[in-house]
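Examining the three-dimensional arrangement
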Amino acid sequence: MIFDRKNLGIAFILFTAMLLLVACGASQLKLEPISKSENPAALVYQLGNSLKSARENQVDILAPGWFEKAEDSYLKARKQLNAGEEISEILLNVSYGRAELIRAAEMAQLSRNALAEVIKSRNEARAAGAESLGEDYAETEENFLEMTRAIENNNLDWAQRNMEEVNQAYRQLELQAIKKQNLEEAGKLIQEAEKNGAKKITPKTLAFAQESLREADAYITEHRSEKQNVEKRGRDAFFEARRLMNVLKQSQKFQTMEPEKITLWVEKILYRTTRKLSAPDRRDEPFDAQVDKILDAIGTLQNEYQLATNKVAMKKSEMEAMQKKISLLEEREKRLQNTEERLEAERSFQQIFHKIQTEFDPAQAEVYKQGDKLYIRLKSIQFPVGQDIILPRNYPLLMKVQKAIMAFNEPTVVIEGHTDSTGSKAKNDELSERRAQAVREYLVANGTLPKDRIFAEGFGSRKPLAPNETAEGRAINRRIDVVISPSQKMP
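First, a word on scope: everything that follows refers to the structure included in this document.

1. Here's the deal with the overall build of the protein chain
Scanning the protein chain from N- to C-terminus turns up 16 helices and 5 strands. Its C-alpha radius of gyration of 49 Å places the protein chain more than 25% over the 23 Å reference for a compact globule of 491 residues. Reported as C-alpha extents along the three principal axes, the dimensions of the protein chain are approximately 125 × 100 × 50 Å. Put simply, the protein chain has 491 residues, and 36% of those count as buried. At a minimum sequence separation of 6, the contacts of the protein chain that also span at least 24 residues come to 70%.

This is the structure we're talking about:
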């Protein structure tokens, strides 16, 4: 980020106002008393941890004076503790250390506000490795510490005058560190090549490596924040530097060889390559022709490789398509299986339905289907007037109901009670509920179903089948309906 003097000036004005407020209200340290019943060893240990945490938050850098005082109080308390001195003296130093550390944290926050740009540049320089730059970095760090000390001492003018210079120093250190990290090795190799005679022996390769290094250096100067591109430029420069060294070494070797040996050395390289490609021996041909044939062989291999790659891709595509077809067929088979199971369940349900129909005389009950439920409407069941007592003459009918329920595999059964409209709605609802419950209890007691699979519900006169104006209609409406819901698994 480029240093903005105008913005820094505005920030510093705001900071100055805050600093004056703090200075006016905090000229004296506020010591918090510590009870003598406290464990002094634990308190000293806690103060040491607080100092460690503050150092991790750079309080020692942003408020060095107050941090040093807090650290000094801690060291005194620890020394007194080890020497077994008076607890009151130890606690006093702990109290001072705490108060001084609080003041250091306050001043550190003021420094963060006032020196935000400088701190940012400092952090970026350190992240780039500026600490490895020795004296240059140490000098800038000392200047930064002088600024934070000046803020602690209310010497605002001095801090303001030096902010821009220190900020730019950190930015320059950052740039140096980035270049050192990415270009130093390449630069060293090029210097080594020059010392070993590259200017005379390999001038063209030297010039190319130097140009690559200059371009990388210029790019980093303008684009230091583009980390990936910076690293790539650095790798390119290092590649050319290593290439220079190898070209130089080989050229020096050639200087000691006779022309025929050089020719045979090159021929050997071409011959080894030809053999590796399983190509005919062409040492009787000119070198250019041998190279062309090698390139042709490599081109053929590349084409074959590409064809093989395409075939593999096609096979993979075919396998994926086949897998999709298999998945579709499996899904279809599953649907068919589900359909067959459903049809089988429906057939079984239909058979049971017809069988149950034959068990009941039409005067006793009406058996019919509605959706996936089977209804047994008990016409002949009778209760004493206003009561829910099951009379013995109803036992044969309920035994048929029991047999019908047990023809299914653990169904769910609802016993619905119904009355005519004689009497109040509340009494009819209650009476229908009690009668349905009486039938439920009879079926449960006789082992028809577990009690958690059979339920009772009273509807009163809300669902009439005939007009209640006639005795015949009222008799029809006084009934018990048994609703059987088969389970998914039919017997």
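2. Observations concerning the sheet that holds strand S1 (residues 365-370)
Here we have 5 strands laid out as an open sheet, ordered S1-S2-S5-S3-S4, and mixed in their pairing. If you trace the sheet from one side to the other, it starts and ends with S1 and strand S4 (454-458), each paired once. Put simply, the sheet's adjacent strands are angled 20° from each other on average, direction ignored. Lying over the sheet, helix H13 (residues 287-359) contacts S1 and strand S2 (373-378), oriented at roughly 165° with respect to S1. Packing against the sheet, helix H14 (residues 395-406) makes contact with S2, strand S3 (412-418) and strand S5 (479-485), and its axis sits at approximately 175° to S2.

3. A word on the side chain of Arg435
Relative to the assigned elements, Arg435 resides in helix H15 (residues 425-445). When residues no more than four places from it in sequence are discounted, the contact partners of Arg435 are Phe383, Pro384, Val385, Gly386, Gln387, Asp388 and Ile480.

4. Here we look at the packing of helix H2 (residues 40-56) against helix H5 (residues 87-114)
It is at 10 Å that the axes of H2 and H5 come closest, and there the two elements cross at 20°. In terms of orientation, H2 lies roughly parallel with respect to H5. In the packing of H2 onto H5, the handedness of the crossing is left-handed. Of the residues in H5, those in contact with Pro40, Leu43, Val44, Gln46, Leu47, Ser50, Leu51 and Ala54 of H2 are Ile90, Leu91, Val94, Gly97, Arg98 and Leu101. Among the residues making up the contact of H2 with H5, the classes are represented as 10 nonpolar, 3 polar and 1 charged.

5. Examining the nonpolar core
Counting residues in each nonpolar core, the largest one holds 63 residues, and the members touching the most others are Leu115, Phe144 and Tyr170. Sorting elements by how many residues they give to this core places helix H8 (residues 156-195) first, with 13 residues. What Phe144 contacts, discounting residues up to four positions off in sequence, is Ile61, Leu62, Leu115, Val118, Ile119, Arg122, Val166 and Tyr170. In this structure, Ile352, Val367, Tyr442 and Ile480 belong to the second largest nonpolar core, which totals 32 residues.

6. Section: the packing of aromatic side chains
Considering all chains together, one arrives at 5 aromatic pairs under this definition. Ring geometry for Phe349 versus Phe408: centroids 5.9 Å apart, planes at 40°, classification tilted. Of this pair, Phe349 sits in helix H13 while Phe408 sits in the loop between H14 and S3, placing them 59 residues apart in sequence. Taking 5.7 Å as the distance between ring centres and 20° as the angle between the ring planes, the aromatic pair formed by Tyr395 and Tyr442 counts as stacked.

7. What to know about helix H6 (residues 116-127)
With 12 residues, H6 extends 16 Å from end C-alpha to end C-alpha; this agrees with the ideal 16 Å at 1.5 Å per step. Within H6, burial applies to Glu117, Val118, Ile119, Ser121, Arg122 and Ala125. After H6 finishes, the residue Gly129 shows a positive phi value of roughly 100°.

8. Thoughts on the environment of Val439
Its location among the elements puts Val439 in helix H15. Here Val439 falls in the buried class, since its relative accessible area comes to 0%. When the C-alpha atoms of Val439 and Ile415 are compared, they prove to be 7.3 Å apart, with 24 residues separating the residues in sequence.

9. Points about the side chain of Thr148
With respect to the element layout, Thr148 can be found in helix H7 (residues 135-152). Sequence-distant contacts of Thr148, that is, excluding residues within four places in its chain, are made with Ile61, Leu62, Pro64, Ser111 and Leu115.

10. Here we look at unusual backbone geometry
For Gln58, which is not a glycine, the phi torsion comes out positive at approximately 65°. Secondary-structure assignment places Gln58 in the loop between H2 and helix H3 (59-62). In the Ramachandran plot, Glu410 falls in the positive-phi region, its phi being about 50° despite a non-glycine side chain. One can find Glu410 in the loop between H14 and S3.

11. Section: the pairing of S1
When S1 meets S2, the two strands line up antiparallel, connected through 6 bridges. By the bridge assignment, Glu366 is partnered in S2 with Arg377. Remark: 2 residues form the turn of the hairpin made by S1 and S2, two consecutive strands paired antiparallel; Gly371 in that turn has positive phi of roughly 65°.

Criteria and thresholds
- Residues numbered from 1 in each chain as written.
- Predicted model: local features only at pLDDT ≥ 70, side-chain atom pairs only at ≥ 80, totals over all residues.
- Heavy atoms only, no water.
- Helix = DSSP H or I, 4+ residues; strand = E, 2+ residues; numbered from the N terminus.
- Rg over C-alpha atoms; globule rule 2.2 N^0.38 Å.
- Buried < 20%, exposed > 50% of the residue type's maximum accessible area, 1.4 Å probe, protein only.
- Contact = heavy atoms within 4.5 Å.
- Pairing = 2+ DSSP bridges.
- Axes fitted to C-alpha atoms, helices over the stretch in contact; angles between N-to-C directions.
- Parallel < 35°, antiparallel > 145°, perpendicular 65-115°, else oblique.
- Left-handed = near helix turned anticlockwise from the far one by under 90°.
- Nonpolar A, V, L, I, M, F, W, Y, C, P; charged D, E, K, R; others polar.
- Core = buried A, V, L, I, M, F, W, Y, C linked by side-chain atoms within 4.5 Å.
- Phe/Tyr/Trp six-rings, centres within 6.5 Å; stacked < 30°, edge-to-face > 60°.
- Expected span 1.5 Å × (residues − 1).

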